[in-house]
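# Analysis of the macromolecular model
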Amino acid sequence: MLPFGIILIVAIIFIFLGVKIVPQQSAYVVERLGRYHAVLNPGLNLIIPFVDRLAYRHSLKEVAMDIAPQICITRDNTQINVDGVLYYQVTDAKMASYGAENYVAAISQLAQTTLRSEIGKLELDKTFEEREHLNRAVIGVLDTAAVTWGVKVLRYEIKDITPPAAILHAMQAQITAEREKRALIAKSEGERQEQINIADGERQAAIKRSEGERQAMINRAEGEAKAILAVAEANAKGIKAVGESLIGSGGDAAANLKVAERYIEAFEELAKAGNTLIVPSTLSDISGTIASVMSVIRSAESKPVAPRPAKA
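Owing to the predicted nature of the structure, the values given are computational and were not obtained by experimental measurement.

### Section: the packing of helix 3 (residues 103–119) against helix 5 (residues 131–145)
Packing of helix 3 against helix 5 leaves a shortest axis separation of 9 Å and a crossing angle of 140°. With respect to helix 5, the element helix 3 is oriented oblique. Pair helix 3 / helix 5 crosses with right-handed handedness. Residue-level inspection shows Ile107, Leu110, Ala111, Thr114, Leu115, Glu118 and Ile119 of helix 3 in contact with helix 5, the latter providing His133, Leu134, Ala137, Val138, Val141, Leu142 and Ala145.

### A look at the UniProt feature "transmembrane region" (unreviewed entry) in the protein
Mapped onto this structure's residue numbering, the UniProt feature "transmembrane region" (unreviewed entry) falls at residues 6–23. Helix makes up 72% of residues 6–23 and strand 22%, and the two end C-alpha atoms of the span are 32 Å apart.

### A word on the side chain of Thr74
Tracing the sequence through the fold places Thr74 in the loop between strand 6 (62–73) and strand 7 (79–90). When its relative accessible area of 3% is taken as the criterion, Thr74 is described as buried. At 2.4 Å, the side chain of Thr74 and the side chain of Asp76 are in polar contact. Once residues within four sequence positions are removed from consideration, Thr74 is found in contact with Ile80, Ile119, Gly120, Leu122, Glu123, Leu124 and Thr127.

### Some remarks on the sheet that holds strand 8 (residues 151–162)
Reading across from one edge, 6-7-8 is the order of the three strands in this open sheet, with antiparallel pairing throughout. Of all the strands in the sheet, the pair left with one neighbour each is strand 6 and strand 8. Taken over all neighbouring pairs, the strand axes of this sheet differ in orientation by 20° on average, direction set aside. In the sheet, strand 6 pairs with strand 7 via ten bridges, with the strands oriented antiparallel. Residue Cys72 lies in a different strand from strand 7, and its bridge partner there is Ile80. Running at roughly 40° to strand 6, helix 3 makes contact with strand 6, strand 7 and strand 8 of the sheet.

### Remarks on the pattern of salt bridges
Using the criterion set out here, one finds eleven salt bridges in the structure. Across the pair Glu31 and Arg53 runs a salt bridge, and its minimum N-O distance is 3.0 Å. On the criterion of sequence distance, the pair formed by Glu31 in strand 2 (residues 26–32) and Arg53 in strand 5 (residues 52–59) is long-range, its members being 22 residues apart. Note on Arg53: relative accessible area 47%, which makes it partly exposed. Ionic pairing is found between Glu129 and Lys126, a salt bridge with its closest N-O pair at 3.7 Å. Placement of the pair is Glu129 and Lys126 together in helix 4 (residues 124–129), with a separation of three residues, close to one helical turn. On the accessibility criterion, Glu129 (57% relative accessible area) is exposed.

### Brief notes about helix 5
Over its 15 residues, helix 5 runs 22 Å from end to end, which matches the ideal 21 Å to within 8%, given 1.5 Å per residue. Looking only at helix 5, the buried set comprises Leu134, Asn135, Ala137, Val138 and Leu142. Projection of helix 5 onto a plane perpendicular to its axis shows the buried side chains occupying an angular sector of 165°, all on one side. Structural note: helix 5 exposes Arg136 and Thr144 on the side pointing more than 90 degrees away from its buried face. Packed against the buried residues of helix 5 are strand 7, helix 3, helix 4 and strand 8.

### Regarding the sheet that holds strand 3 (residues 35–40)
Overall, antiparallel pairing links the three strands, which are arranged 3-2-5 in an open sheet. The open sheet is flanked by strand 3 and strand 5, the only strands paired with a single partner. Each adjacent strand pair in this sheet contributes to an overall mean axis angle of 25°, direction not counted. As defined by bridge partners, strand 2 adjoins strand 5 across seven bridges and the pair is classed as antiparallel. For Arg32, the partnering residue across the bridge sits in strand 5 and is Asp52.

### Looking at the nonpolar core
In terms of nonpolar packing, the biggest core is built from 27 residues, with Val82, Leu86, Tyr103, Ile107, Leu115, Val151 and Tyr156 touching the most fellow members. Looking at this core, the elements that each hand over two or more residues are strand 6, strand 7, helix 3, helix 5 and strand 8. Aside from chain neighbours lying at most four places away, what touches Tyr156 is Ile67, Gly84, Val85, Leu86, Ala111, Leu115, Asn135, Val138 and Ile139. Counting six residues, the second largest nonpolar core, distinct from the first, contains Tyr28, Val30, Leu40 and Ile47.

The rules behind these values
Residues numbered from 1 in each chain as written. Predicted model: local features only at pLDDT ≥ 70, side-chain atom pairs only at ≥ 80, totals over all residues. Heavy atoms only, no water. Axes fitted to C-alpha atoms, helices over the stretch in contact; angles between N-to-C directions. Helix = DSSP H or I, 4+ residues; strand = E, 2+ residues; numbered from the N terminus. Parallel < 35°, antiparallel > 145°, perpendicular 65-115°, else oblique. Left-handed = near helix turned anticlockwise from the far one by under 90°. Contact = heavy atoms within 4.5 Å. UniProt positions renumbered as here; feature names shortened; annotations may be inferred. Buried < 20%, exposed > 50% of the residue type's maximum accessible area, 1.4 Å probe, protein only. Polar contact = N/O pair within 3.5 Å; in protein donor to acceptor, adjacent residues only side chain to side chain. Pairing = 2+ DSSP bridges. Salt bridge = Lys/Arg side-chain N within 4 Å of Asp/Glu carboxyl O. Expected span 1.5 Å × (residues − 1). Arc of directions from axis to C-beta. Core = buried A, V, L, I, M, F, W, Y, C linked by side-chain atoms within 4.5 Å.

Pasting the structure below:
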């Protein structure tokens, strides 16, 4: 019979080798006598020492894997350098252990070949615009193939697309020319709009000036018409007053006096016009002129005066 100490040591060895603690988000694949036996889930698990062994350890977390840069040729035969990043997750520990010798290398190689194939279908300018399309194409191919590897491809993102230096210089020159063209177009549009605004402003100013001049002419015409009307009304009132005074008593004497004054004033103006004093040949001419004027006034007095309309 074995000593107790040996039995205790063997028991401790069996416990140490047979108890396995699996961390969270991990999966251990156990082989028994060289064949797949089971997948140990997170927590405390027991295996048979020297019979079972932990063949594979897998993390079930999402993993980001860099895809090495590679040279791709576009449809228009331009070489570009492309790299990316791939996100995957182990979903089946058994398939990940026995589906491929190295599923990480398989995923990386398939991602590179798929990307080269998809870029070969596009021209250089389109590769910058179709990044989303390229990402979806790579994910579609990888997701289909990775099912047998126990892996789920979650996302693929292209990080950089780097054309050769000569192509970059040509693209920069093209972008500069395009920006200069847009700047010239914008400048010409601004100048055209400026000329339109100036012409419109001048037209509006001319219209306003013409309207002002027209209104000024109308106002002047109305003022002159009113002035003429006022002068005519004043003359009419004066003539009427003179006529009424001539018809009244003492009218003849007043008329004789007024005519004599006008006659003398006329000779006075003629005398001021030059150094020669003009005097009538006979003073009787003055009395004759006054008599003629008075005969005209008397003939006007003899005519019947039209009655004034009665005031309402």
